[in-house]
Amino acid sequence: QVQLVESGGGVVQPGGSLRLSCAASGSIFSIYIMGWYRQAPGKQRELVATITSGGRTNYADSVKGRFTISRDNANNTVYLQMNSLKPEDTAVYYCNAKQGSAFSYRNYWGQGTQVTVSS
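My aim in this report is to walk through the structure given alongside it, one point at a time. Throughout, a residue's number is its position along its own chain's written sequence, starting from 1. Where local features are concerned, this predicted model is filtered to residues with pLDDT of at least 70; where side-chain atom pairs are given and counted, the filter is 80 or more; whole-chain, interface and lining totals use all residues. In computing side-chain values, all of the structure's heavy atoms are included and hydrogens and water are not.

**What about the overall build of the chain?**
Stated formally: Secondary structure elements follow DSSP: runs of H or I of four or more residues count as helices, runs of E of two or more count as strands, with numbering from the N terminus. Restricting the calculation to C-alpha atoms gives the radius of gyration, and the globule rule supplies 2.2 Å times the number of residues raised to the power 0.38. Relative accessibility thresholds used throughout: buried, under 20% of the residue-type maximum; exposed, over 50%; partly exposed, between the two (1.4 Å probe, protein chains only). We call two residues in contact whenever any of their non-hydrogen atoms come within 4.5 Å of each other. Per-residue and other accessible areas follow the Shrake-Rupley method at a 1.4 Å probe size, with only the shown protein chains counted as cover for residues. Counting rule applied: Lys, Arg positive; Asp, Glu negative; His and chain ends not counted. Charge coordinates come from a single atom per side chain, which is NZ of Lys, CZ of Arg, CG of Asp or CD of Glu.
Along its length, the chain carries zero helices and eleven strands. In terms of C-alpha radius of gyration, the chain reaches 14 Å, essentially the compact-globule figure of 14 Å for 119 residues. By its C-alpha atoms, the chain is 40 × 25 × 25 Å across when sized along the principal axes. A total of 119 residues make up the chain; the buried ones form 39% of that total. If you take every contact in the chain between residues at least 6 apart in sequence, the share linking residues at least 24 apart comes to 54%. For the chain, the computed accessible surface area is about 6500 Å², with 46% contributed by carbon and sulfur atoms. Taking the average location of the 11 positive side-chain charges in the chain and that of its 6 negative ones, the two points are 5 Å from each other.

**What to know about the state of the cysteines**
Note: disulfide means a covalent bond formed between the sulfur atoms of two cysteine side chains. The criterion, for reference: Cysteine sulfur pairs qualify as disulfides if the two atoms are within 2.5 Å.
Tallying each qualifying case throughout the model produces one disulfide. A sulfur-sulfur distance of 2.0 Å marks the disulfide that ties cysteine 22 to cysteine 95. One disulfide, between cysteine 22 and cysteine 95, carries an S-S torsion of -85° and so falls in the left-handed class. With cysteine 22 in strand 3 (residues 18-26) and cysteine 95 in strand 9 (residues 91-100), this residue pair connects regions lying 73 residues apart in the sequence. On the accessibility criterion, cysteine 22 (0% relative accessible area) is buried.

**Considerations on the packing of aromatic side chains**
Let me state the cut-off plainly: Between 30 and 60 degrees the pair is tilted, below 30 it is stacked and above 60 it is edge-to-face, where a pair is any two Phe, Tyr or Trp rings, Trp via its six-membered ring, whose centres lie within 6.5 Å. A ring is considered to have a charge above it if a Lys NZ or an Arg CZ atom is located within 6 Å of its centre and within 35 degrees of its normal.
Summed over the entire model, instances satisfying the criterion amount to two aromatic pairs. Aromatic side chains tyrosine 32 and tyrosine 105 sit 6.5 Å apart centroid to centroid with 75° between the ring planes, which places their arrangement in the edge-to-face category. With a gap of 73 residues between them, tyrosine 32 in strand 4 (residues 31-39) and tyrosine 105 in strand 10 (residues 105-109) connect regions that are remote in the sequence. Assessed through its relative accessible area of 39%, tyrosine 105 is described here as partly exposed. With 5.0 Å between their ring centres and 70° between their planes, tyrosine 37 and tryptophan 109 make a pair best called edge-to-face. In this pair, tyrosine 37 sits in strand 4 while tryptophan 109 sits in strand 10, placing the two residues 72 residues apart along the sequence. For tryptophan 109, a relative accessible area of 36% gives the class partly exposed. Over the ring of tyrosine 94 we find arginine 45, and its NZ or CZ is 3.8 Å from the ring centre. We note arginine 45 situated over the ring of tryptophan 109; from NZ or CZ to the ring centre the distance is 4.7 Å.

Shown next, in the form of structure tokens:
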């Protein structure tokens, strides 16, 4: 099993910044992609950003240019640097990891961390 623990959420004003962290532990072998998803009240969970074990990144259009996903393989940790935050970014942010291969994998989820952007 893989355990994911998020941290770094909080309350910020519009235009502010936050950095989220996701630490993976347990049977972490063959984790080939990790990412961040978010879910606002009354809305579906949506993909925010992903990063492969090789460092390839992908972003949702709504956060492109403002958010940066990065990784520290030595510490099995993924980060999400969020700049120029908007009220629309308010959501619970979840860390995700895929273990296995592109055709056969297991999904793991963290408990989530709340991000609130409000004036």
